[in-house]
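Descriptive analysis of the structure
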Amino acid sequence: MSNFKRIGVLTSGGDAPGMNAAIRAVTRLALYKGFEVMGIYNGYQGLIEGDIKKLGARDVAYIINRGGTMLYTARSNEFCKKEGVEKAAEMCRKFGIDGVVTIGGDGTFRGAVDLTDAGIPCIGIPGTIDNDIGSTDMTIGFDTAMNTVVQLVDRLRDTGESHARCNIVEVMGREAGDIALQTSIAVGAVTAVIKEIPTDIDHVVDKMIDARKDGKRNFIIIISEGMGPDYGEELSNIIESRTKIETRFARLAHIQRGGSPSLRDRVLATQMGCAAVENLVNGQMKQVMCLRGNSIISMDIYDALMVDKLMKNILTNEEEDTIPPNKFYEMKKIVADKQAYKQYLDYIIDHITL
Ligand code: F6P
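Conventions adopted
Residues numbered from 1 in each chain as written. Predicted model: local features only at pLDDT ≥ 70, side-chain atom pairs only at ≥ 80, totals over all residues. Heavy atoms only, no water. Helix = DSSP H or I, 4+ residues; strand = E, 2+ residues; numbered from the N terminus. Rg over C-alpha atoms; globule rule 2.2 N^0.38 Å. Buried < 20%, exposed > 50% of the residue type's maximum accessible area, 1.4 Å probe, protein only. Contact = heavy atoms within 4.5 Å. Areas by Shrake-Rupley, 256 points an atom, 1.4 Å probe, with all protein chains shown as cover. Lys, Arg positive; Asp, Glu negative; His and termini not counted. Charge placed at Lys NZ, Arg CZ, Asp CG, Glu CD. Pairing = 2+ DSSP bridges. Axes fitted to C-alpha atoms, helices over the stretch in contact; angles between N-to-C directions. Domains from an automatic or database assignment. Buried area = accessible area lost by both parts, 1.4 Å probe. Salt bridge = Lys/Arg side-chain N within 4 Å of Asp/Glu carboxyl O. Polar contact = N/O pair within 3.5 Å; in protein donor to acceptor, adjacent residues only side chain to side chain. Nonpolar A, V, L, I, M, F, W, Y, C, P; charged D, E, K, R; others polar. Expected span 1.5 Å × (residues − 1). Arc of directions from axis to C-beta. Disulfide = S-S within 2.5 Å.

Once that is clear, we can look at the overall build of the chain. Of the regular secondary structure elements, the chain holds 12 helices and 11 strands. A compact globule built from 354 residues would reach a C-alpha radius of gyration of about 20 Å, and the chain, at 22 Å, matches this within 12%. Every one of the 354 residues in the chain was classed for burial, and the buried ones make up 54%. Contacts in the chain between residues far apart in sequence, at least 24 positions, make up 74% of those at least 6 positions apart. If you sum the accessible surface of the chain, you get close to 15,700 Å²; carbon and sulfur atoms cover 50% of it. Put simply, the chain has 42 plus and 48 minus side-chain charges, and the middle of one group is 6 Å from the middle of the other.

In this section: unusual backbone geometry. One non-glycine residue, tyrosine 72, lies in the positive phi region at around 60°. At asparagine 313, a residue that is not glycine, the phi angle is positive and equals roughly 60°. With respect to the element layout, asparagine 313 can be found in the loop between α10 (301-311) and α11 (317-321).

Taken in spatial order, the four strands of this open sheet run β7-β8-β6-β9, and their pairing is parallel. Whereas interior strands pair on both sides, the edge strands pair on one side only; in this sheet they are β7 (191-193) and β9 (247-251). Sheet twist, expressed as the mean angle between neighbouring strand axes with direction ignored, is 20°. Two elements, β7 and strand β8 (residues 219-224), share three bridges in a ladder whose sense is parallel. From the neighbouring strand, valine 193 faces β8, where its bridge partner is isoleucine 223.

Partitioning the chain into domains gives domain 1 (6-141 + 261-330) and domain 2 (145-257). Relative to domain 2, the C-alpha centre of domain 1 lies at a distance of 34 Å. Between domain 1 and domain 2, the contact holds 10 residues from the first and 10 residues from the second. If you sort the residues of domain 1 by the area they bury against domain 2, Asp15, Ile129 and Asp130 come out on top, with a joint share of 52%. For the interface between domain 1 and domain 2, the tally reads two salt bridges. Close ionic contact of aspartate 15 with arginine 257 constitutes a salt bridge, the shortest N to O distance being 2.9 Å. Our count for the domain 1 to domain 2 interface comes out at four residue pairs in polar contact (both at pLDDT 80 or more). Tallied by class, residues from the side of domain 1 that touches domain 2 come to two nonpolar, four polar and four charged.

An ideal rise of 1.5 Å per residue puts 18 Å on 13 residues; helix α8 (residues 231-243) measures up with 18 Å between its terminal C-alpha atoms. The complete set of buried residues in α8 reads Tyr231, Gly232, Leu235, Ser236, Ile239 and Thr243. One side of α8 carries all its buried residues, which in axial view fall inside an arc of 130°. Buried-residue contacts for α8 involve β6 (166-171), β7, α7 (201-213), β8 and β9. Of the residues trailing α8, lysine 244 is marked for its positive phi of about 65°.

Further remarks concern the side chain of asparagine 167. In this structure, asparagine 167 sits in strand β6. A polar atom in the side chain of asparagine 167 sits 3.4 Å from the side chain of asparagine 218. With near-sequence residues (within four places) excluded, asparagine 167 lies in contact with Leu156, Gly160, Asn218, Phe219, Ile220, Ile221 and Arg248.

Moving on: the state of the cysteines. Counted under the stated rule, the structure contains zero disulfides. Here cysteine 122 stays free of any disulfide, with the sulfur of cysteine 92 as its closest cysteine sulfur at 7.1 Å. A relative accessible area of 0% means that cysteine 122 is categorised as buried.

Here it is as structure tokens:
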């Protein structure tokens, strides 16, 4: 794109550790390549309102180690409407922004599609602790959030062991059980209860009763928030009444979304930020950056959103009809591989704990 001069960067949806590392990478590489960078504050809402400032290299100094997002974030109802998108595109033209790197989850990507359709090319970077973006193996923030959960649950374990209790811990992830599954392995949980794989509670209760007879004092059960807001308390009552083991419930909530990003997230965010700039200035648009194996690849955002819907079982027949059969086969394979991996982790948890 020969007349490309200015890149905008924004973060939207829930913040995630590593977003700052992505902002830094986008800014620094774009500046290195001779482009100007405009920081768009407060997500799409900030774009509509013109909350935009030029970023220099020093503006993104000392942020790679910081959680949250220096550009702040917001969920915008106005941007969900056509007039809001038009206003945002107009604001880009006013500030001379030729393309935008948008960092966030699936809602952010839907916004990127709308903004591109309104004439402003966008590239998406998956930033969410949930790891619920079907097209990428990992989202930015997921690794840090899991490490935070492990640290917190290790603390619960100290007190649970002293009191010979069971601790039931709810972790975030929206509808996805990725955080719950992997942290369950890392903390030695009895089971992970997630929406994607049914849990046999009778089996869990029997295992706990047997293990208690065998001298086990503390039990950890990790549940995903996708099980519903009352599930944790309900399960605590069931476990306590049936095993006779004193049980406490804890919801980790937003505490797992903060903190300094892990090495893994800093590197992933940096790689994705750089790849996004390369793609954008080379005239690409409506793409999402994805980690597949050890490589950063890009995928059409519309396709990525379809993979997401397939994974979340919300793809409509009409949407399915828009996807060519060979592409649909690839999408189904991505989703099947992810589900198989989750089943494998669940199998491990069941077979090596207690
Ligand atoms: O998407 C990230 C996430 O932290 C989810 O895990 C959680 O369901 C949601 O955001 C919480 O949203 P809010 O910050 O609006 O309470």
